[in-house]
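Observations on the model geometry
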Amino acid sequence: MKFVDYVKVYAAAGHGGRGSISFLREKYKPMGGPDGGDGGKGADIIVRADAQLNTLLDHRYKKHYKARNGGHGRGNNKRGADGPDLIIKVPTGTVIKNADTEEVLADLTSDGSEAIILQGGRGGKGNAHFKSSTYQSPKFAQPGEDGHEAELILELKLIADVGLIGMPNAGKSTLIGAITAARPKIGPYPFTTLVPNLGVVKLKNYMSFTVADIPGIIEGAHDGAGLGLEFLRHAERTSLLLHLVDISQHIEESPVEALEITNRELGLYGGALASKEQIAIGTKLDVAGDGARLDMLRQYCEAHGITFFAISAVAATGLDSLASYVSSRLLTLKKTHNAFT
Ligand SMILES: Nc1nc2c(ncn2[C@@H]2O[C@H](COP(=O)(O)OP(=O)(O)OP(=O)(O)O)[C@@H](O)[C@H]2O)c(=O)[nH]1
Ligand SMILES: [Mg+2]
């Protein structure tokens, strides 16, 4: 299925119903009192998170959402019906913004959570409201209020504990395939991964964490090179990044260059991503040859205080110790985080 993580939609809440102008009519009472009822409320636009969904694809082809209007008030003090709220379902992790102001209207991070994004208009008051001792027969009523309308941005940011980043071919998808039940496409060419993959790592001690594998990043990605940087939005919510670097012998750039290029792009993406904790991972240890690239990367990491692991996803070397380290790091980070909130 196609994965869509950014769409613009237009949404309009319902208008309030008109208040009624009506007078009680009974035999022998040609002009009774005013009995015009109120208009009903226009429907709200509500956005709700649904964990069953994993893409915004549905919203791409249905770009207009118009909620129902409230019913008009009627005689005999009958209130118009309220419009039934229009519920737009989105994947959990969707951020809703006003497209004009970029203001974040809601960030739905838990399944079933919802937010009123646009308020329906209030119903107008019927003429029965306007009767007073001096004014027995008001011949006016209020119109209903207009519902709010706006262009909205729906942006899905996956929810995962750990993000896999690195250059194309670094072995990100092979790693997620080796440590989780996810089965992404793997290939000996760049940009095999075009959409993010999510997987759950289950440890023997019953702990687990989620991992997001995202498309590779190349130099100039901030200017749109390769697949650009937009997939980095799926790493924004993670607590920890695993930065994968190919240490097998046939690669052009040095492993240190590879690490620095990706980090530079991360910095250019902006936000908090560049300051997120990273663990550097030398990949393809089974084909590391004389180990020169491995040593170069290890020394660089030691000199810069970066935690370093060397693995082979194909030969399953170093995977258990990496997973248990990540799990304990996540526990510590969550504790630290809680201490401040
Ligand atoms: N020998 C060996 N090859 C590996 C290992 N991990 C990955 N590869 C190979 O490296 C190539 C790229 O692997 P992928 O997992 O598709 O790389 P990726 O980082 O997901 O690449 P993109 O999706 O293009 O960004 C594939 O041919 C894999 O088989 C490993 O541990 N050992
Ligand atoms: Mg991949």
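Before reading on, note that the structure itself is shown above.
These lines cover the structure that appears in this document, whether it is placed above or below. (Residues numbered from 1 in each chain as written. Chains lettered and ligands numbered in written order. Predicted model: local features only at pLDDT ≥ 70, side-chain atom pairs only at ≥ 80, totals over all residues.)

Comments concerning the sheet that holds strand S8 (residues 149–156)
In a beta sheet, neighbouring strands pair by backbone hydrogen bonds and run either parallel or antiparallel. Spatial ordering of the open sheet is given by S3-S1-S8-S5-S6, a layout of five strands whose pairing is mixed. Across the chains shown, the open sheet's two edge strands, defined by having one partner strand only, are strand S3 (64–66) and strand S6 (104–108). If you compare each strand with its neighbour and ignore which way they point, the axes differ by 25° on average. Two elements, strand S5 (residues 94–98) and S8, share five bridges in a ladder whose sense is antiparallel. Bridging from a neighbouring strand, Asn 98 pairs with Leu 152 of S8. (Pairing = 2+ DSSP bridges. Helix = DSSP H or I, 4+ residues; strand = E, 2+ residues; numbered from the N terminus. Axes fitted to C-alpha atoms, helices over the stretch in contact; angles between N-to-C directions.)

Here we look at helix H2 (residues 172–179)
Because each turn of an α-helix spans 3.6 residues, side chains separated by three or four positions end up pointing in the same direction. Most of H2 sits inside the fold, with seven of its eight residues counted as buried. Burial in H2 covers these residues: Lys 172, Ser 173, Thr 174, Leu 175, Ile 176, Gly 177 and Ile 179. (Buried ≥ 20, exposed ≤ 12 C-beta atoms within 10 Å, placed from the backbone.)

Describing unusual backbone geometry
One non-glycine residue with positive phi stands out, namely Asn 76, at about 65°. Relative to the helices and strands, Asn 76 is located in the loop between S3 and strand S4 (86–91). The phi dihedral of Asn 169 falls on the positive side, at around 75°, and the residue is not glycine. With respect to the helices and strands, Asn 169 occurs in the loop between strand S9 (162–166) and H2. For Asn 169, a count of 22 C-beta atoms within 10 Å gives the class buried.

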